[in-house]
Amino acid sequence: MNTNTPLRQSILQALLADRLPSFSSAQLSDDRICLGAGGLEVGSMALLQAFVNLETILGFTFDDGPVANAKLTTLGDFIGLVEREVAAHRNRGPQP
Amino acid sequence: MSWALHHVARAATHREEAPAPVVILLHGWGMYHGHLFGMTQHFDRRLDVVSPRAPVRMGPGAYRWFNFVRTPSDGPNIDHDEEVTSLAELIRFIEQVIEDRAVPGVWLVGHSQGGTMALSVCVRRPDLVLGCANVNGRLLDKAWNTTQGRAALNGKPFFNGHGLHNPIVPLPLGRSTCARIESLGAWIETREYPIGHEINDEILVDVSDWLSTQLDAHPKTSTSRLIDQAATQG
């Protein structure tokens, strides 16, 4: 798996912001690392802010349902959700 | 019609009367219109269910009626400007639902901040409300102060569920809310649960049963005004 795609870098930047340099490349390439306590230490409000940051970076808004109903435990869960939503947005084409 | 609030709706599947009574679900802070909507599939089939989304977007799947800052002893300190704006939009939305469905009023079910908004609607515009179920919300002091001394809720049925270990809206605020609503003339049923601030299936079953009881007790509530109007015009 390519763990250094531009999208992944954007996701990590949106998720960790100023704290990004404090994590090793091994940690940031491990999809199994926990988002919360004992892992990346990202709380629920910081996670929500990451989605908002990504909306600015990616240029579209996430739908409510997939984000609200997602079970986001690990970094891989978060990246997977964002990747699916990016793909869904592309498939829908430009919005009016 | 241009609705005041984005929403989802589920039509009654068991119609005893037309139009069907309407229940409006009001979600809490940081949730969205799909939250309570998805948890209320078991609600009485005689009800049209409408679930609006709070107007202030925090992010995808997360909206609020107003912002607040927690205080250790006095409960949340709220953003009054956001509350005023959201309440006006919610009242407009309820008016639109009543006009669109041709019902004389709606049933309100709210959790947390949604319960607080429901109670604000009840005391500001009791004419729009047939009854209300509040779970872990509270009556704001400013709403209470505008209605104090007026029996605005005469005979209206209320359900109040509150968590015994609620860290967001402490139990004393829940109990004082009940006392205030009752003092305004409401007929209130109270339950306290061994939970925190959340809403769960057990509470929603109680709310559902309470709603069904109200519909059984007042089967013509939603159409009585229309019948009266027809008789007058006829």
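The coordinates are above.
What counts and how
Every residue gets a number counted from 1 within its own chain, in the order that chain's sequence is written. Going through the entries in the order they are written, you letter the chains from A and number the ligands from 1. Per-residue local features of the predicted model are confined to residues with pLDDT of at least 70, and side-chain atom pairs are confined, for both listing and counting, to 80 or more; whole-chain, interface and lining totals are unaffected and use all residues. Only hydrogens and water are set aside; all other atoms, that is, all heavy atoms of the structure, feed into the side-chain values. Note on definitions: salt bridges are taken to be side-chain nitrogens of Lys or Arg within 4 Å of carboxyl oxygens of Asp or Glu. Secondary structure elements follow DSSP: runs of H or I no shorter than four residues count as helices, runs of E no shorter than two count as strands, and numbering proceeds from the N terminus. Put simply, the grid is 1 Å and covers the protein atoms alone, a cavity is a trapped set of points that fit a 1.4 Å probe, a pocket is an open set with protein on both sides within 12 Å along at least five of seven lines, and lining residues have an atom within 4 Å of a point. Grid points are joined across faces, edges and corners, and a volume is the space filled by probe spheres set on the points. Each residue gets one label: Ala, Val, Leu, Ile, Met, Phe, Trp, Tyr, Cys and Pro are nonpolar, Asp, Glu, Lys and Arg are charged, and the others, such as Gly, are polar. Between buried and exposed lies partly exposed: a residue is buried under 20% and exposed over 50% of the maximum accessible area for its type, with that area taken using a 1.4 Å probe on protein chains only. Strand pairing is defined by DSSP finding a minimum of two bridges between the two strands. To form a nonpolar core, buried Ala, Val, Leu, Ile, Met, Phe, Trp, Tyr and Cys residues must be joined to one another through side-chain atoms within 4.5 Å. For the purpose of counting charges, residues Lys and Arg are taken to be positive, whereas Asp and Glu are taken to be negative. His and the chain ends are not included. Residues adjacent in sequence count toward polar contacts only when both atoms are side-chain atoms; beyond that, a polar contact is any pair of N or O atoms within 3.5 Å, and within protein one must be able to donate a hydrogen and the other to accept it. Contacts are assigned to residue pairs that have any heavy atoms within 4.5 Å of one another.

**A word on the pattern of salt bridges**
Residue and element names in this part refer to chain B.
Phase 1: Going through the model one piece at a time under the given rule, you end up with 18 salt bridges over all chains.
Phase 2: Where E82 meets R64, a salt bridge forms, and the shortest distance between an N and an O atom there is 2.8 Å. Highlighted residues: E82 in helix α2 (residues 80-101) and R64 in strand β5 (residues 62-64), separated in sequence by 18 residues.
Phase 3: As a salt-bridge pair, E95 and R125 come within 2.9 Å of each other at their nearest N and O atoms. Highlighted residues: E95 in helix α2 and R125 in the loop between α3 (113-124) and β9 (129-135), separated in sequence by 30 residues.

**With respect to the layout of surface pockets**
Phase 1: As a volume, the largest pocket reaches approximately 900 Å³.
Phase 2: Mapped onto the lining of the largest pocket, the elements with two or more residues apiece are α3 (44-58) and α4 (64-69) of chain A together with α1 (33-39) and α3 of chain B.
Phase 3: No other element matches α3 of chain A, which puts five residues into the lining of the largest pocket.
Phase 4: Each residue belonging to the lining of the largest pocket can be placed in one class, and the counts come to 23 nonpolar, 15 polar and two charged.

**Structural notes on the pairing of strand β10 (residues 157-163) of chain B**
All names here are of chain B.
Phase 1: Along β10, seven of the seven residues are buried, which leaves the element largely enclosed by surrounding structure.
Phase 2: Burial along β10 is two-sided: P157, F159, G161 and G163 facing one way and F158, N160 and H162 facing the other are all buried.
Phase 3: As defined by bridge partners, β9 adjoins β10 across four bridges and the pair is classed as parallel. For A133, the partnering residue across the bridge sits in β10 and is F159.
Phase 4: Bridge count between β10 and strand β11 (residues 187-193): seven bridges; the pairing is parallel. What sits directly across from G163, in β11, is Y193.

**A closer look at the nonpolar core**
Phase 1: Judged by nonpolar contacts, the single largest core of 42 residues is most densely connected at I24, I94, L108 and F158 of chain B.
Phase 2: Elements supplying a minimum of two residues to this core: β2 (22-26), α2, β8 (106-111), α3, β9, α4 (141-147) and α5 (171-183) of chain B.
Phase 3: Ranked by residue count, the leading element in this core is α2 of chain B, at seven residues.
Phase 4: If you look at the next biggest cluster of nonpolar residues, it comprises 25 residues, including L35, V42, L47 and F51 of chain A.

**With respect to the side chain of K156 of chain B**
Residues and elements named next belong to chain B.
Phase 1: Its location among the elements puts K156 in the loop between α4 and β10.
Phase 2: Despite being buried, K156 has no salt bridge partner; D127 is the closest side chain of opposite charge, sitting 7.8 Å away.
Phase 3: A polar atom in the side chain of K156 sits 2.7 Å from the backbone oxygen of V129.
Phase 4: Not counting residues up to four positions away in its chain, the partners in contact with K156 are P126, V129, L130, G185, A186 and W187.

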